[in-house]
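Listed below are the residues making up each chain.
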Amino acid sequence: MSVSKLPNVGTTIFTTMSALAHEHGAINLAQGFPNFPIDPLLQEQLLKVARESVHQYAPLQGLPTLREKICNLVAKQYGRSIGGQEVLITAGATQAIFTAIQALVFPGEEVIILDPSYDCYEAPVLLAGAKAIRIPLTDSFEPNWSLIEAKMTQKTKLLLINNPHNPSGKVWSSADFDALEGIMSRFPNLLLLSDEVYEFIAFEKGHQSIHERNTIRDRALIVSSFGKTFHITGWKVGYVVCSDFLMKELLKVHQFLVFSVNSVAQAALANYLDLVDVNELSKFYQDKRDFFRQGLKNSRFELWPAEGSYFQVANIRGISTLSDLEFCCELTIKHGVAAIPISVFNADVKDQGLIRFCYAKTTETLQDAIEKLCKI
Ligand code: PMP
Ligand code: GLN
């Protein structure tokens, strides 16, 4: 008899919906990845470094040059001075999150996850023998601070937050950070894992980072992903920033999980970081968001505010009484556009009739999708 360590885990919704889109030739606005070419400057750096001596194991913690460039980026964007020893290069944000949880969370401890939540958070908690405490965000996707505080116990080790938020596109306000700081001061042993993979994709409100909060950042692990920032989700390179005492533990796990990350990609990214301005990214995606929203203005989809990340949430209740999952399948198969149902991001699979579109696509793809969606 085989016993599963993760009996309730199946294949991710992103894989499922991408496969369905492929099978039916639908436009894939489901899984979050860009479908346009990468910056030629980055391509050039990749080709350039591929001719150099960069093909053996990178140092365990990541190329020193890349870590130094990340320190410069954090200093420039957030005014925080960190050293290269506080940066770990990971195989995407997914590995950063997995590593952090495995390294720091003990069996029997609790990790707070705010729903709807990205799907890679819970499994590492369960594999650590710990308990995931899934707490719903408000109906407008804001943290419910009084509920969060009420769920804190002696066993709570880690609070996991994600801002800008996937799947909702919500961006936190200053009041949320103030409330977070309050909780962290009342629970001095609480650690924070801040998933900021969309840190450079925030629109009108702008992004505030945990890097800027000096009362809590020393107890935080701040995760980012070059996949999102430079349109290279397939490269799987990200990083986590944390204080030395946390890093010491992360490195113990990292060395046996991957040892080190793709050396060629790291070398190319280290060079590219000197050539690119990450502050152009928000405008780039804001134009896409506006184009997509404008195109759907007269459709029957009710659009939610999209403040950051590259996702647009839409309410389908004016169109259908199907569950959000059934609707997404029908949308893919019958109407040729794939989307993601939000209910799968909720522990209780609560269905609010909401679906998520990814607008990190060419204008042409978005236009094709708009035409199909407006016919519904
Ligand atoms: N966190 C969030 C909120 C995400 O949307 C994603 C998907 N990119 C990840 C983490 C994982 O990032 P990566 O592809 O770098 O592993
Ligand atoms: N982060 C992407 C999304 O939310 C999915 C990445 C993946 O498929 N693992 O769509």
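We now turn to the structure provided with this report. (Residues numbered from 1 in each chain as written. Chains lettered and ligands numbered in written order. Predicted model: local features only at pLDDT ≥ 70, side-chain atom pairs only at ≥ 80, totals over all residues. Heavy atoms only, no water.)

### Here we look at empty space enclosed by the protein
Just so we agree on the cut-off: Cavity and pocket criteria rest on a 1 Å grid covering protein atoms alone: a 1.4 Å probe that fits but cannot get out defines a cavity, protein on both sides within 12 Å along at least 5 of 7 lines defines an open pocket, and an atom within 4 Å of a point defines a lining residue. Grid points are joined across faces, edges and corners, and a volume is the space filled by probe spheres set on the points. Put simply, DSSP marks the helices as runs of H or I at least four residues long and the strands as runs of E at least two long, and each gets a number from the N terminus on. Three residue categories are used. Nonpolar comprises Ala, Val, Leu, Ile, Met, Phe, Trp, Tyr, Cys and Pro, charged comprises Asp, Glu, Lys and Arg, and polar comprises the others, including Gly.
All told, the structure shown has two cavities of 30 Å³ or more when counted by the stated rule. As a volume, the largest cavity reaches approximately 100 Å³. What lines the largest cavity is a set of 13 residues, among which Leu-114, Leu-137, Ile-161, Asn-162 and His-165 lie closest to the centre. Looking at the lining of the largest cavity, the elements with two or more residues in it are strand E3 (110-115) and strand E5 (156-162). Ranked by residue count, the leading element in the lining of the largest cavity is E5, at three residues. Taken together, the residues that form the lining of the largest cavity break down as 10 nonpolar, three polar and no charged. Of the voids in this model, the second largest cavity is the one considered here, and its volume is about 40 Å³. Of all the secondary-structure elements, those providing two or more residues to the lining of the second largest cavity are helix H3 (64-78) and strand E7 (220-225). Per element, the largest residue contribution to the lining of the second largest cavity is three residues, and it comes from E7. For the lining of the second largest cavity, the per-class residue count stands at five nonpolar, two polar and one charged.

### Describing the packing of helix H4 (residues 92-104) against helix H9 (residues 244-257)
The line we're drawing: Here an axis means a line fitted to C-alpha atoms, over the contact stretch when the element is a helix, while the angle between two N-to-C directions is reported on a 0 to 180 degree scale. The scheme is simple: roughly parallel for angles under 35 degrees, roughly antiparallel for over 145, roughly perpendicular for 65 to 115, oblique for anything else. By convention the crossing between two helices is left-handed if the near helix lies anticlockwise of the far one by an angle smaller than a right angle, and right-handed if it lies clockwise. Any pair of residues with heavy atoms lying within 4.5 Å of one another is described as a contacting pair.
Here H4 crosses H9 at 115 degrees, and the two axes come no closer than 8 Å. Relative to H9, H4 is oriented roughly perpendicular. For the pair H4 and H9, the crossing hand works out as right-handed. Across the interface between the two elements, Gln-95, Phe-98, Thr-99, Ala-100, Gln-102, Ala-103 and Leu-104 from H4 touch Leu-246, Glu-249, Leu-250, Val-253, His-254 and Leu-257 from H9. A class-by-class count of the residues in the contact of H4 with H9 yields eight nonpolar, four polar and one charged.

These results come straight from atomic positions and should not be treated as a statement about function.
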